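What follows is each chain in one-letter form.
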Amino acid sequence: MMHDMQTPPGSETDGSDDSLLELTESALIAINYIAPPAAVSDYITTLYHFRCDEPQIRDIQPASIGHFAIFPRGRGEMQFSGGHRDPNHEVAVLTPLSTAHPIVVDGPFHAVGAALTPLGWAALTGLHAGEHRDRLRDAREVLGEEAGALGDRLNAAYRAGEMSGRNCALAIAEFVGRSVRPVNPRHAELIKTVNAWLGASFNPSVADLVERAAYCERQVQRLTERYFGLPPQALARKYRALRAAALLSFPVLSEEYEAQLGEAFFDQSHMIREITRFVGRTPARLKDADTPYLSEMIAPKNLRELKT
């Protein structure tokens, strides 16, 4: 059943309700997704090239681990809970997001980047994911001058028509590959254990994670937040919503998956609130053709780290 991780119905909101945001239509957006080279596939979930030439672009970024991206065209901001807003620096690091957050940009808007895995975030930035979550930061502050200089070169080449979005994305992947640093082997093993635990059930128990891990419960809590941005119970809640959204985006849902979803939440209204909080859409809009960026980010192939 659906017990220890849930927040009771009527829980907090964070301003990511898609009913309050008129989103840019999919017909006006072009997105290419590029598989990361095998050498960096442990660190990068997907590479992407996003383009929209409208005067204003509105979309929602679902909860995620982190991104390293360039913005050769378009200036705007990501809006966070509590009224905080961060501009989209031309070379930026999106830190792990605990919930979905709106994006509003004066176009045309072009973005090229890499969506990171939990291991990729740790190996590339070395930062505590929980202490640095929910920000869009200047890449120089996080990754240093080399990252900033690379982004400046790629932005200039892209604007001049000298490099395609694909080639810029592959250059970002190459930078990630040469910049990652070894993660403590025991911690890297825990990351794998947490990934497997998240993928085992919609509502995995923290006790089961502690049993699987080679650490005491206090260490598991601390290290999970360090590498994933949230402690285990909250993390499971986040990924339950992402997995449910991925399933509900399918044209047809099997009886087995329908039953699993029915067991995963208190009731339908609870499911709607949770998916809206972490994905930024109500379930009714997950199959909407006007959500191309979101649809790709929650696609099962991009939740691959949850597979055992």
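Scope of this entry: the structure provided in the associated data block. Computed from a prediction, not measured in an experiment: that's the story for all the values here. (Residues numbered from 1 in each chain as written. Predicted model: local features only at pLDDT ≥ 70, side-chain atom pairs only at ≥ 80, totals over all residues. Heavy atoms only, no water.)

### A short note on the environment of F68
As a reminder of what qualifies: Counting from the N terminus, the helices are the DSSP runs of H or I reaching at least four residues and the strands are the DSSP runs of E reaching at least two. Residue contacts follow a heavy-atom distance rule, with two residues in contact if any of their heavy atoms lie within 4.5 Å.
Checked against the element boundaries, F68 lands in strand 4 (residues 67–79). Separated by 70 residues in sequence, F68 and D138 place their C-alpha atoms 9.9 Å apart. Those residues in contact with F68 that sit more than four places away from it in its chain are V91, A92, V93, V112, G113, A114, A139, L143, A147, I172 and F175.

### Things to note about the pattern of salt bridges
This is how it is decided: Salt bridge, as applied in this entry: a Lys or Arg side-chain nitrogen positioned within 4 Å of an Asp or Glu carboxyl oxygen. Exposure is judged per residue with a 1.4 Å probe applied to protein chains only, and the accessible area is read against the type maximum: over 50% gives exposed, under 20% gives buried, and values in between give partly exposed.
The full count for this structure, using the stated rule, is 12 salt bridges. Linking R159 and E90 is a salt bridge whose minimum nitrogen-to-oxygen distance equals 3.3 Å. Placement of the pair is R159 in helix 3 (residues 145–159) and E90 in the loop between strand 5 (85–87) and strand 6 (91–94), with a sequence separation of 69 residues. The partner of E274 in a salt bridge is R240, with the nearest N and O atoms 3.1 Å apart. Of the two residues, E274 sits in helix 10 (residues 268–279) while R240 sits in helix 8 (residues 232–248), which places them 34 residues apart along the sequence. The same class applies to E274 and to R240, which are both buried. It is possible to trace a salt-bridge network through shared partners that takes in R75, E90 and R159.

### Some thoughts on helix 8
Working note: α-helix, 3.6 residues per turn, so residues spaced by three or four point in the same direction. Threshold: By this rule the span expected of a helix is its residue count minus one, scaled by 1.5 Å.
Relative to the 24 Å expected for 17 residues at 1.5 Å per residue, helix 8 spans 24 Å between its end C-alpha atoms, a close match to the ideal helical length. The element helix 8 is extensively covered by neighbouring structure, given that 14 of its 17 residues are classed as buried.

### Let's talk about unusual backbone geometry
Backbone torsion omega between G107 and P108 reads 0°, so that peptide bond is classified as cis. Assignment of secondary structure puts P108 in strand 7 (residues 101–116). A positive phi angle is found at D134, which is not glycine, with a value near 60°. The residue D134 is located in the loop between helix 1 (118–125) and strand 8 (136–138) in this model.

### Points about the nonpolar core
Applied cut-off: Think of a nonpolar core as a cluster: buried Ala, Val, Leu, Ile, Met, Phe, Trp, Tyr and Cys residues, connected wherever their side-chain atoms sit within 4.5 Å.
In this structure, I44, F68, L143, V194, L198, F228 and L261 are the most contacted members of the largest nonpolar core, which totals 62 residues. Of the residues forming this core, the biggest block, 8 residues, is contributed by helix 8. When near neighbours in sequence (up to four residues on either side) are disregarded, L261 contacts F202, A244, L247, L248 and L253. By size, the runner-up hydrophobic cluster in this structure holds 18 residues, among which are F50, C52, I57 and L136.

### A closer look at the side chain of H101
As a reminder, the rule being used: Whenever two N or O atoms come within 3.5 Å, that pair is a polar contact, provided that in protein one can donate a hydrogen and the other can accept it, and provided that, for residues adjacent in sequence, both atoms are side-chain atoms.
Tracing the backbone through its elements, the reader meets H101 in strand 7. Note on H101: relative accessible area 1%, which makes it buried. There is a polar contact of 3.3 Å between the side chain of H101 and the backbone oxygen of Q79. Separated by 3.4 Å, the side chains of H101 and D134 make a polar contact. Sequence-distant contacts of H101, that is, excluding residues within four places in its chain, are made with D59, I60, Q61, M78, Q79, F80, S81 and D134.

### With respect to the pairing of strand 6
The condition is simple: Strands pair, by our definition, only if DSSP identifies at least two bridges between them.
Where burial is concerned, the two faces of strand 6 agree: the one with V91 and V93 and the one with A92 and L94 are both buried. Pairing geometry for strand 4 and strand 6, over 4 bridges, is antiparallel. Across the sheet, residue A69 finds its bridge partner in strand 6, namely A92. Alignment of strand 6 against strand 8, held across 3 bridges, turns out to be antiparallel. Each bridged residue has a counterpart across the sheet, and for V93 the counterpart in strand 8 is R137.

### Points about the environment of M78
In this structure, M78 sits in strand 4. A relative accessible area of 4% places M78 in the buried class. As a C-alpha pair, M78 and Q61 span 17 residues in sequence and 8.7 Å in three-dimensional space. Residue contacts for M78: discarding those within four places in its chain leaves Q61, H84, R85, D86, L94, L97, H101, P102, I103 and L136.

Geometric descriptors of this kind do not, in isolation, establish any biological role.
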